[in-house]
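Each chain, letter by letter, is given below.
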Amino acid sequence: MFVLVNLKAYPCDPVEVAEAAHEVAEESGVRVAVAPQAADLRAVAETGVETWAQHVDPLAHGSHTGSTLAERVADAGADGTLLNHSERRLKLAEIDGSLSAAERVGLDTVVCANNPEQVAAAAALGPDAVAVEPPELIGTGTPVSKADPDVVTDAVEAAAAVDDSVDVYCGAGISTGDDVESAAELGATGVLLASGVAKADDPKAALEDLVEPL
Ligand SMILES: O=C(CO)COP(=O)(O)O
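Residues numbered from 1 in each chain as written. Predicted model: local features only at pLDDT ≥ 70, side-chain atom pairs only at ≥ 80, totals over all residues. Heavy atoms only, no water.

(A) Structural context of helix α1 (residues 14-28). For α1, spanning 15 residues, the distance from its first C-alpha to its last is 21 Å, which sits close to the expected 21 Å at 1.5 Å a residue. Inspection of α1 places P14, V17, A18, A20, A21, V24 and A25 among the buried residues, and these make up the whole buried set. Considered in projection along α1, the buried side chains sweep an arc of 165° and stay on one side of the axis. Seen from the buried face of α1, the exposed residues on the opposite side, beyond 90 degrees, are E26 and E27. Those residues of α1 hidden inside the fold are in contact with β2 (31-35), α2 (41-45), α9 (195-198) and α10 (203-211). The backbone nitrogen of V15 has a side-chain oxygen 3.0 Å away, supplied by the residue at the start of α1, namely D13. Phi turns positive, to about 80°, at G29, one or two residues after α1. (Helix = DSSP H or I, 4+ residues; strand = E, 2+ residues; numbered from the N terminus. Expected span 1.5 Å × (residues − 1). Buried < 20%, exposed > 50% of the residue type's maximum accessible area, 1.4 Å probe, protein only. Arc of directions from axis to C-beta. Contact = heavy atoms within 4.5 Å. Polar contact = N/O pair within 3.5 Å; in protein donor to acceptor, adjacent residues only side chain to side chain.)

Written as structure tokens, this is what we have:
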């Protein structure tokens, strides 16, 4: 299982979380990555943890003030990027363009989706993975893998029907090892989570709990 921790714009210390995630990944052998704000990518990557951007724009170098270029994200040390997060929705053509930008510089890609229908559409664009995250469960602490298991199994089925090389992750409300285990039993090969780590008093303990059953 892949554990991808999105720090969103939460007021946590990104380097502290990254150091904890790196240690937990080394100690457990589980793949753990951290997705900080763009401004923190380099500092997070320098901890040695697998580092992900939260977004890249569907652009190349040029007159694009305020944009996040895949080239600069990769240069800062990122290994991958989220796209189309529920809090950073893109138009279909933008998802396609951002995927091309990410692929141009060798970033791994996860396209987020609300439901199995969107998962199928996202899988058709050829990302490395899709992540199903029902928006109504995001940030609630109620895990999708327990509250809405069908959405995960249907997403796995929907992606496989389009392209069985696309991995399927799930997210929303995931905060314990038990939640991760349930996600794996439903066919997900990773989890995408945020508040369970970014808002924890002790991020390292939260991460240790997440990987414990793996
Ligand atoms: O949006 C999410 C991860 O990208 C899920 O957020 P929570 O883990 O806080 O529910």
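Once you've had a look at it, read on.
(B) Main features of the side chain of T47. Inspection of the secondary structure assignment puts T47 in the loop between α2 and β3 (50-53). Polar side-chain contacts of T47 include one of 3.3 Å to the backbone nitrogen of V49. If we skip the residues at most four places from it in the chain, T47 touches V15, A18, E19 and H22.

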